[in-house]
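Given next are the chains, with one letter for each unit.
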Amino acid sequence: MALRYAIMTALIEDELSGYDLAGSFDKSLGFFWHASHQQIYRELGKLSELAWVTRRTESQKGRPDRILYALTDSGREALDEWVLTKDRMRLQETKDELYIKLYNLSESNIEYLQTRFLERREAMMKRLYLYERIRRRHYADPKTLPLRRKGVYLALLGGISGGKQYLAWCDDALSLLSSATEGENTASPAKSDTA
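All of these numbers come straight from a predicted model, not from anything done at the bench.

What follows covers the overall build of the protein. The secondary structure content of the protein amounts to 8 helices and 3 strands. Mapped from its N terminus to its C terminus, the protein presents α and β elements in the order α-β-α-α-β-β-α-α-α-α-α. Taking all 195 residues of the protein together, the buried fraction comes to 29%. Long-range pairs, those at least 24 residues apart, make up 56% of the contacts in the protein with a sequence separation of at least 6.

And the structure:
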């Protein structure tokens, strides 16, 4: 159900088409809540039925008409009520296959898993670089921000902190896995010959 509230949050300040909303979602809320374009369009239909968003058609020259969505007063009330509900705390990523794969760590897959950690580290470095660019460009002085923007800044700060922690985890994993492979390479061959 949180997807509907994420969509309504994106519509607080702007009237957006489904296409623009999906693009905007990918660049901001999508950092914290993933949804496909198809899921977003489906949820927009449900929000429209609830009268929490309105739909307006805008003609365009040489292109198909755009359907624009806007948050209604009842949608804003529902969003305000939702903010006051208890949220589900997620202290870790859930449903990440890598955690299960780590339970199966062995000599035959250690190099592959090292590669996966390197790839994840690189991806997180790129994400942190983007977060930092956003922070510097839009949130250089958070104390002077309007109240709602302070909330957005806090979400961004949480993403930055979590990203740094994820990098530290990748570094610890790479260090431990490297020491394990180095230990294998320096192990005495006489032991394996006597087995």
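Here the second largest pocket is characterised by a volume of approximately 150 Å³. Lining the second largest pocket are S17, G18, Y19, D20, Y41, R66, I67 and Y69. For the lining of the second largest pocket, the secondary structure elements donating two or more residues are α2 (18-27) and β3 (63-71). Here the lining of the second largest pocket is built from residues that sort into 4 nonpolar, 2 polar and 2 charged.

Over its 29 residues, helix α6 (residues 110-138) runs 42 Å from end to end, which matches the ideal 42 Å to within 8%, given 1.5 Å per residue. Where α6 is concerned, the buried positions are I110, L113, Q114, F117, R120, M124, L128, Y131, E132 and I134.

We now examine helix α4 (residues 73-83). Within α4, burial applies to G75, A78 and L79. Projected down its long axis, α4 carries its buried residues within an arc of 100 degrees, all on one side. Exposed side chains of α4 directed beyond 90 degrees from the buried face belong to D73 and E81. Tucked into the core, α4 has its buried residues touching α1 (2-10) and β3.

The next thing to look at is the sheet that holds strand β1 (residues 16-17). Sheet strands pair via backbone hydrogen bonds, and the direction of the pair is either parallel or antiparallel. Taken in spatial order, the 3 strands make up an open sheet running β1-β3-β2, and their pairing is antiparallel. With partners counted over all chains shown, the strands left at the sheet margins are β1 and β2 (53-60), one partner each. Pairing of β2 with β3, which is carried by 7 bridges, proceeds in the antiparallel orientation. Within β3, the residue paired with R55 across the bridge is Y69.

This part takes up a nonpolar patch on the surface. On the surface, W82, V83 and L84 cluster together into a nonpolar patch covering about 340 Å² of accessible area. Judged by relative accessible area, which is 32%, W82 ranks as partly exposed.

What follows concerns the pattern of salt bridges. Scanning the entire structure with this criterion turns up 10 salt bridges. The salt bridge partner of E13 is R148, with a shortest N-O separation of 3.0 Å. Here E13 is found in the loop between α1 and β1, whereas its partner R148 is found in helix α7 (residues 147-185), with 135 residues between them in sequence. Two residues, R121 and D171, come together in a salt bridge whose shortest N-O distance is 2.4 Å. Of this pair, R121 sits in helix α6 while D171 is found in helix α7, placing the two residues 50 residues apart along the sequence. Since its relative accessible area comes to 25%, R121 is described here as partly exposed. Owing to a relative accessible area of 32%, D171 belongs among the partly exposed residues under this scheme. Within this structure, D20, E58 and R66 form a network of salt bridges that share partners.

Moving on: the confidence of the model for the protein. Across the protein, the average pLDDT comes to 85, with 87% of residues at or above 70. Helix α8 (residues 189-194) is the least confidently modelled element of the protein, averaging 44 in pLDDT, while α6 averages 93, the highest of any element. For the stretch residues 187-195, pLDDT sits under 50, and the model shows 0 contacts to residues farther than four places along the chain or on other chains.

Structurally, E132 can be placed in helix α6. Here R135 takes part through its side chain, which lies 2.8 Å from a polar atom of the side chain of E132.

Scoring rules and cut-offs
Residues numbered from 1 in each chain as written. Predicted model: local features only at pLDDT ≥ 70, side-chain atom pairs only at ≥ 80, totals over all residues. Heavy atoms only, no water. Helix = DSSP H or I, 4+ residues; strand = E, 2+ residues; numbered from the N terminus. Buried < 20%, exposed > 50% of the residue type's maximum accessible area, 1.4 Å probe, protein only. Contact = heavy atoms within 4.5 Å. 1 Å grid on protein atoms, 1.4 Å probe; cavity = no way out; pocket = protein on both sides within 12 Å on 5 of 7 lines; lining within 4 Å. Points joined across faces, edges and corners; volume = space filled by probe spheres on them. Nonpolar A, V, L, I, M, F, W, Y, C, P; charged D, E, K, R; others polar. Expected span 1.5 Å × (residues − 1). Arc of directions from axis to C-beta. Pairing = 2+ DSSP bridges. Patch = residues over 30% accessible without salt bridge, like charges linked within 9 Å, V, L, I, M, F, W, Y side chains within 5 Å. Areas by Shrake-Rupley, 256 points an atom, 1.4 Å probe, with all protein chains shown as cover. Salt bridge = Lys/Arg side-chain N within 4 Å of Asp/Glu carboxyl O. pLDDT = per-residue confidence, 0-100. Polar contact = N/O pair within 3.5 Å; in protein donor to acceptor, adjacent residues only side chain to side chain.

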